[in-house]
Amino acid sequence: MKIATKTTLTTLLAAMTLMTGASAAFAQEKKTLKEALNGKFLIGTAVYGRQTSGKDKAAVRLLREQFNAIVAENCMKSQVIHPEENRYDFTEADEFVEFGEKNNMTVTGHTLIWHSQLSPWFCVDDEGKNVSPEVLKKRMKDHITTVVKRYKGRIKGWDVVNEAIEDNGDYRKSKFYEILGEEYIPLAFQYAHEADPDAELYYNDYSMANPGRRAAVVKLVKDLKKRGIRIDAVGMQGHIGMDYPRVSEFEKSMLAFAQAGVKVMITELDLTVLPSPNPHVGAEVSASYEYKKEMNPYPDGLPEEVSKAWTKRMNDFFRLFLKHQDIIARVTLWGVTDSDSWRNNWPMPGRTDYPLLFDRNYQPKPIVDLIVKEAGKK
Ligand code: G3I
């Protein structure tokens, strides 16, 4: 009897231990992205009106569950927020900031000075001619001051200048550059700092693994710092493909920016599986190609081997981010689900891409569990 009781007890204990182990493993697997990455870096996503207004309920559920940071995909660009010189429209931007606050998310403003989605009036006079340097400085200052002050203390940081450098390291010949030369960049940072001295300030660009951009951005950061102008981080847009960039080149840029004295943010992560009509296009928004059926190979779903290759490559990047978690402040996906992604319409409209962590049915892809597991190791 005694023996039988002991055996029963032992069996029970063993079963309990097994169950505890199993439930611990289960709990580990069930961690969300933001739980798994807590203390390492923020995990964010770009959001747009259907989400911040609450219309897309399934997306809102995912946002609350998985992410702790948001960035405005479009609503803070000058064309939207400042459509006419004497008229601002804060409707969507207010909703975006409130959404972040209500859900305890770190809110990033995107973007104060960008050549694209730029209000048509911004750099020209009534006849369409470039304004003088003095007028442009005043317009930049008014715009930056009004927008940044409105959200003072509520926005953690701003993408102050977006996409100002080209692949070869030259300055992009935007209207801002044409009129003010390279000085428009320090001016923009200065105006933003004066409007909210506590806000973090970022420089954000794509194709940053490219050595030309890397060197030019390092120089820009050092120059700003030498002049005592605040810059907190460099945003590396992660618009990547299956064969570009090399992980090692991306890593070199991360380390180079950190060495220049700023944090690194992966700001617009998405991994396309679609063929590119032009391998040198980067994330140049003005690129546009006519739809071709053969350039849209997966309209009804991804073949297993492509899906596996995608998962592996995305995992390689997350492993890199985890390896360098000491220099990375935030990783932000450029959208929640595949159907939200700009990739479906750029550089060719009407394609079906699979670049994000959640599928068109709002379900996590296998990569989500893998990231959680990798985060548990490091
Ligand atoms: O809002 C109008 C709508 O009124 C109109 O009916 C419709 C018809 O085309 O267009 C709507 O505007 C679109 C806008 O997104 C909002 O959906 C624009 O055409 C479209 O060009 C615009 O695309 C955005 C793109 O920036 C434009 O610059 C993408 O959503 C956005 O994801 C993308 O984001 C950029 C980052 O800001 C900077 N880095 C590159 C990244 C990808 O291009």
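Residues numbered from 1 in each chain as written. Predicted model: local features only at pLDDT ≥ 70, side-chain atom pairs only at ≥ 80, totals over all residues. Heavy atoms only, no water.

A.B. asks: Would you mind showing me how to read the pattern of salt bridges here?
C.D. replies: Between side chains of opposite charge, pairing is possible as soon as their charged atoms come close. Using the criterion set out here, one finds 25 salt bridges in the structure. Salt-bridge contacts for Arg61 lead to Glu65; the nearest nitrogen and oxygen are separated by 3.9 Å. With Arg61 and Glu65 both in helix α4 (residues 57–66), this residue pair falls four residues apart, about one helical turn. According to the relative accessible area criterion, Arg61 is partly exposed, its value standing at 43%. Residue class for Glu65 comes out partly exposed when judged on its relative accessible area of 34%. Here Lys323 and Glu251 are joined by a salt bridge, their closest N and O atoms 2.7 Å apart. Separated by 72 residues along the polypeptide, Lys323 in helix α12 (residues 304–323) and Glu251 in helix α11 (residues 247–259) bring together distant segments of the chain. (Salt bridge = Lys/Arg side-chain N within 4 Å of Asp/Glu carboxyl O. Helix = DSSP H or I, 4+ residues; strand = E, 2+ residues; numbered from the N terminus. Buried < 20%, exposed > 50% of the residue type's maximum accessible area, 1.4 Å probe, protein only.)

A.B. asks: Help me understand the environment of Asp205, please; the structure alone is not making it clear to me.
C.D. replies: Within the secondary structure layout, Asp205 lies in strand β5 (residues 200–205). A sequence separation of 115 residues divides Asp205 from Phe90, and the C-alpha atoms of the two residues are 25 Å apart. In contact with Asp205, other than residues within four places in its own chain, are Glu163, Ala164, Ile165, Arg213, Gly235, Met236 and Gln237. Within polar-contact distance, the side chain of Asp205 engages the backbone nitrogen of Ile165 at 3.3 Å. A polar atom in the side chain of Asp205 sits 2.5 Å from the side chain of Tyr203. (Contact = heavy atoms within 4.5 Å. Polar contact = N/O pair within 3.5 Å; in protein donor to acceptor, adjacent residues only side chain to side chain.)

A.B. asks: Sorry if this is basic, but what is going on with the side chain of Arg213 here?
C.D. replies: Structurally, Arg213 is set in helix α10 (residues 211–226). Within polar-contact distance, the side chain of Arg213 engages the side chain of Asp167 at 2.8 Å. Non-local contacts of Arg213, meaning those with residues more than four positions away in its chain, are made with Ile165, Glu166, Asp167, Gly169, Asp205, Tyr206 and Ser207.

A.B. asks: Before we go on, may I ask you to explain helix α7 (residues 133–150) in this structure?
C.D. replies: Quick reminder: α-helices carry 3.6 residues per turn. Residues three or four places apart thus point the same way. Between its terminal C-alpha atoms α7 stretches 26 Å, which fits the 26 Å expected from 18 residues at 1.5 Å a residue. Among the residues making up α7, those that are buried are Leu136, Arg139, Met140, His143, Ile144, Val147 and Val148. For α7, the buried positions fall inside an angular range of 135° around the axis, keeping them on one side. The exposed set on the far side of α7, more than 90 degrees from its buried face, consists of Glu134 and Lys138. (Expected span 1.5 Å × (residues − 1). Arc of directions from axis to C-beta.)

A.B. asks: Would you mind going over the confidence of the model for the protein chain with me for this structure?
C.D. replies: Low pLDDT means the predicted atomic positions in that stretch should not be read closely. With 92% of its residues at a pLDDT of 70 or more, the protein chain has an overall mean of 93. Per-residue pLDDT stays below 50 along residues 1–23; that stretch engages in zero contacts with residues further than four places along the chain or on separate chains. (pLDDT = per-residue confidence, 0-100.)

A.B. asks: Please clarify how the nonpolar core should be interpreted in this entry.
C.D. replies: Most often, soluble globular proteins have nonpolar side chains that are buried together. Core analysis: the largest hydrophobic core is formed by 104 residues, its most contacted members being Met76, Met140 and Phe321. Ala46, Val71, Tyr206 and Trp342 belong to the second-largest nonpolar core, a separate cluster that totals nine residues. (Core = buried A, V, L, I, M, F, W, Y, C linked by side-chain atoms within 4.5 Å.)

A.B. asks: So what exactly am I meant to see when it comes to the site of the ligand here?
C.D. replies: Taken together, 15 residues lie near the ligand, and Glu73, Lys77, His110, Glu163 and Glu268 sit nearest. Between the ligand and the protein, one listed contact pairs a nitrogen atom with a side-chain N or O atom of Glu163 at 2.7 Å. Residue Trp334 places a side-chain N or O atom 2.9 Å away from an oxygen atom belonging to the ligand. Its free accessible area being 790 Å², the ligand has 50% of it covered by the protein chains. Considered class by class, the residues forming the shell around the ligand number four nonpolar, seven polar and four charged. (Near = heavy atom within 4 Å. Areas by Shrake-Rupley, 256 points an atom, 1.4 Å probe, with all protein chains shown as cover. Nonpolar A, V, L, I, M, F, W, Y, C, P; charged D, E, K, R; others polar.)

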